[in-house]
Each structure stands twice: as C-alpha cells, then as structure tokens.
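The residues making up each chain are set out below.
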Amino acid sequence: MQLKKRRKRAVREIGTPLAAATCALLGHAVPAVVHAQELMPWDIDTSMLIYSESDGRVRDTSLNLRARKEMREEKFLGLTLALDSLTGASPSGATPAGVVQTFTSPSGNSQYTVAPAAQALDTSFLDTRTAVTANWEMPVTRLALLSVGASLSDEYDYTHTGINASLARDFNNRNTTLSFGVALANDTIDPVGGSPVALAPMLGLGDTANKRADQSKDVTDWLIGVTQVLNRHTIVQFNYSLSQADGYLTDSYKMLSVVDPVTGNPVLGPPGSGLYRYLYESRPDARDKQSVFALLKRDFDGDVLETSYRYMTDDWGVDSHTLDLRYRWSFGGERYLQPHLRFYQQTAAEFYRTVLFDGAPLPAYATADHRLGEFDGLTVGLKYGQATARGSEWSARIEYYTQTGNASPGSAVGALANFDLYPDLNALIAQFNYKFGRR
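Quick notes on the rules
- Residues numbered from 1 in each chain as written.
- Predicted model: local features only at pLDDT ≥ 70, side-chain atom pairs only at ≥ 80, totals over all residues.
- Heavy atoms only, no water.
- Pairing = 2+ DSSP bridges.
- Helix = DSSP H or I, 4+ residues; strand = E, 2+ residues; numbered from the N terminus.
- Contact = heavy atoms within 4.5 Å.
- Phe/Tyr/Trp six-rings, centres within 6.5 Å; stacked < 30°, edge-to-face > 60°.
- Buried < 20%, exposed > 50% of the residue type's maximum accessible area, 1.4 Å probe, protein only.
- Salt bridge = Lys/Arg side-chain N within 4 Å of Asp/Glu carboxyl O.
- Patch = residues over 30% accessible without salt bridge, like charges linked within 9 Å, V, L, I, M, F, W, Y side chains within 5 Å.
- Areas by Shrake-Rupley, 256 points an atom, 1.4 Å probe, with all protein chains shown as cover.
- Lys, Arg positive; Asp, Glu negative; His and termini not counted.
- Charge placed at Lys NZ, Arg CZ, Asp CG, Glu CD.

(A) Summary view of the sheet that holds strand β17 (residues 278–280). A sheet is described by the order of its strands in space; here 3 strands give the open sequence β17-β16-β22, paired in mixed fashion. The open sheet has two edge strands with one neighbour each: β17 and β22 (356–357). As judged from the 3 bridges shared by strand β16 (residues 255–259) and β17, these two strands associate in the antiparallel manner. When the sheet's bridge partners are listed, M255 is paired in β17 with Y280.

Spelled out as structure tokens, the structure:
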C-alpha cells in the first residue's frame, strides 16, 4: 500500500495559551507544592519506525516522542512530537508504454524519463514533516471524563491545523463506557509548482499555464462508541465514525495517460511540448466516509488475544474490510512475543481509471492513483518486548506487507495487454519502542 502522507501540522498557536493554562493550574502556592509531591511523574514513550517499499519506492523514517503528565489530581497533559522523512520514487499514475516516456517535474523546471515497459515513477518525491499534538484530560463528574486537544503539522507543500474534543461516561458500575468525539481540521495545500487545473494536460519545461494557486480543505470527524466489560477476562468495543471532507481533495502530483483505444499506445500531447498526452487527475470536492469498528480483547492467564474488524464505505464508491488479529504470549515473567496478522480488502472508486482513451469524452472525475483502485493487502509481523530492571520497557517489531490489485475493466487494450498495469507492492516495516520507567 502506498504510504499516504499524513498531514498534521506543527504547533505554534496553542503553545502560549496551553503554557498559560498549565501555569495557572500550578500557580496556587501552598496547595500546588503539596499536590506536586503526590502527582504521577511524566510517562515518556519514544519510537522509531522505518517503512520501506520494494523497487526503490517510498521510504519513510519516522521518529515519535509521546509524553503524559498528571498536572493536578486526575488532570493530565499529553504531548506528542513526530518527525517524518519521506524519500524514494512515487508512482505518478501514468501507465507503462513500449517507448521511452518523458515527464515534466511538478516544479516545471526539469524533466525525467521512464524506460519502455517500466512503471512511471517520479523520483523527485521528497518531503519532511513535523507534527505536534497537545491534549488535556480531566474529569467533569465522578463518572465522566473530558478530553480536548489540538494538532498542527507542517511539510513543504502541506499545512494542517486541527482541534478535537471527546467525552466519555461510565455506567453500570463502570463496566460500560459511552463515548462521543468530534474533530475539526483545516488543511492548506501548496503543491510544488502550483496546483494543476483538473484534467489539464502536462506541459513542457517552464510552461505553468496549467497551474493555479494553493488550495484548502476542511475535514470534520465524528465518533460514537461503547466499551463493555463482559467479565474479568473479556472486554469488547464498538465504534461508529463519520468523516466529512470538503474542498481540494485531488492529489496534485497524480496523472493519467491518454492512449489510442485500439493500439494502447500513448498519443501526442500539446504541440511543441515534446511530450505524450498526460492529464492531471480530478476528484470530487467532497467526500463522506462512514465506518463501523468492533474489537474483542481477552486475557488468558497473562496471554492476551486482540481481534478487530472494520468496515468502511464512502460516497466515492470505495468499500473496505479490515480484519486484524494479535496474540500476546507472555513468558519469562517480563517478556512477550506478539504475532500479528492483518488482512485488508478494498473496492475501487467509481472514477478510478487506469487509462483514458483518446477521442472519448472526458469524465468529470478520473484518477489512476492505485490507492483508490481495487486491491487486497496482507500484513504479517512479529513483535518482541520486555521490561527492564529499572521499570522501563522496550519492544521491537518487524512486519512484511504485500499488496495485489487490478486495473480498471477494459484497460488492457492493444499493447497494454503486455504490461502489468497494477504492479504488486511489497514493503518492510520495522519499529523500535522504548518506554521510560516512572522516576
């Protein structure tokens, strides 16, 4: 599965008010000193993750720091910092061809070529991301817990700001918990070289007539959930979520090839450009996604089974099923092994097209992005963890991901029947975590 760049922005605006609120809470002279001796210390959790796709494709190195502190009795502050570095070659959406293909880079200032029969990969893919989140958690009654937070992230071509709030209420002698949450986000997209006009052709060096200014989108997420303790060994959880996005939802760096409907060969692009005809993709400016999630966790005298299922559907025609299974096997007192198996299945978006045919009317929306195509994904992994003598804990996991998909119906015409129009994807995932003991 292609690594989707998660866009969540680095904090500036919440820093001052959050610090002021913290100081105000701790500023009550004598009581504050007394409580400070009784409060829990910082919980600090660090991790490093490496995601690497085969054939020199996307590689992500991510560093994460999570910290949580009881600032006043039963009032907690949580902070996270994430740093991501993405490199490698990213599929552009153009289809393989029996000839050398030349593409103009997103900036419009350079070009790159792709060999005959090779997958069209944009080797200029490079980005870094810094993300910060802050969360404040406090009881509002004896049985209700309120959590509010903010998130900000920044990368070269994308900026995100968001706020969120959730409320959880216990019932039935604390065996049942009902929760409700909402998150609001505003994202600004400023692609390298500008955002292409939908379904506009790729142009030659230095020609930016097909580009326009930066874009934006708004996202609202809703969550309703219930968690139920069945007995002293078993707990279940059920969630329903709704995500509503409005604005610029197109990937500025994806395109589609226009080919002859009989031969399957690429057709010539704009006169004087020296390029074949490639059109930048177009997606609707709104998307509603709904999902239901169920989780079962059971303890077997120290071993823990966790299994979950998620179904997602949206108004783009994408339906997905995710089945996840983990079993934590404890041994030697402070050590454990945890095998992991995950299966994912997805249908294609209604406007997914592997290619567009010359002479046919252009659709309103079209994308060749494999992430919106029909595919199956399988993840197999193993995690090992153990506690240290100082009360800390470390863990390491390694996983292998493989994905197979299908081209859109009717795409393999003429010469295209000789090419793999949806290449398999394999990726290796490695992660190391270290959680510091409380001091």
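(B) Examining unusual backbone geometry more closely. The backbone phi angle of E74 is positive, close to 65 degrees, even though this residue is not glycine. Here E74 shows up in the loop between β2 (59–72) and β3 (75–87). For D301, which is not a glycine, the phi torsion comes out positive at approximately 50 degrees. In this structure, D301 sits in the loop between β18 (286–300) and β19 (303–314).

(C) Geometry of the environment of V219. Note that V219 resides in strand β14 (residues 215–231). For the pair V219 and N186, spaced 33 residues apart in sequence, the C-alpha to C-alpha distance is 6.5 Å. In this structure, V219 is in contact with A183, L184, A185, S243, Q244 and A245, ignoring residues within four places of it in sequence.

(D) Region of interest: the environment of L242. Topologically, L242 is positioned in strand β15 (residues 234–247). For the pair L242 and K289, spaced 47 residues apart in sequence, the C-alpha separation works out to 5.7 Å. Leaving out residues up to four positions away in the same chain, L242 has contacts with T220, D221, W222, K289 and Q290.

(E) Geometry of the packing of aromatic side chains. Scanning the entire structure with this criterion turns up 10 aromatic pairs. Note on Y344 and F375: the rings are 5.6 Å apart at their centroids and 35 degrees apart in plane angle, and the pair reads as tilted. With Y344 in strand β21 (residues 335–346) and F375 in strand β23 (residues 374–387), the pair connects residues that are 31 residues apart, well separated along the chain. We note that Y344, like F375, is buried. For the pair W394 and F432, a centre-to-centre distance of 6.0 Å together with 25 degrees between the ring planes defines the contact as stacked. In this pair, W394 sits in strand β24 (residues 393–406) while F432 sits in strand β25 (residues 425–435), placing the two residues 38 residues apart along the sequence.

(F) Quick peek at the pattern of salt bridges. One pass over the full model with this rule turns up 14 salt bridges. Of the charged contacts in the structure, one is a salt bridge between D170 and R174, with a shortest N-O distance of 2.9 Å. Among the residues examined, D170 registers a relative accessible area of 16% and is labelled buried. Linking D358 and R277 is a salt bridge whose minimum nitrogen-to-oxygen distance equals 3.8 Å. Placement of D358 in the loop between β22 and β23 and of R277 in the loop between β16 and β17 is noted, with a sequence separation of 81 residues between them. Its relative accessible area of 27% is what places R277 among the partly exposed residues.

(G) Representation of the pairing of strand β20 (residues 319–331) within the structure. Note: β19 against β20, 10 bridges, orientation antiparallel. Within β20, the residue paired with R310 across the bridge is T322. As judged from the 10 bridges shared by β20 and β21, these two strands associate in the antiparallel manner. Among the inter-strand pairings, L323 is bridged to a residue of β21, identified as F343. Where β20 folds back on β21, the antiparallel hairpin that results is connected by 3 residues, among which G332 adopts a positive phi of roughly 65 degrees.

(H) Layout of a negative patch on the surface. On the surface, D218, D246, D285, D288, D315 and E350 cluster together into a patch of negative charge. Structurally, the position occupied by D288 is in strand β18.

(I) Geometry of the pairing of β23. The pairing of β21 with β23 spans 12 bridges and is antiparallel. Residue pairing in the sheet places Y344 in a bridge with G377 of β23. Examined bridge by bridge, β23 and β24 share 14 bridges and lie antiparallel to one another. Within the sheet, the bridge partner assigned to G377 lies in β24 and is Q403. Linking β23 to β24, which pair antiparallel, is a turn of 5 residues; within it G391 sits at a positive phi near 90 degrees.

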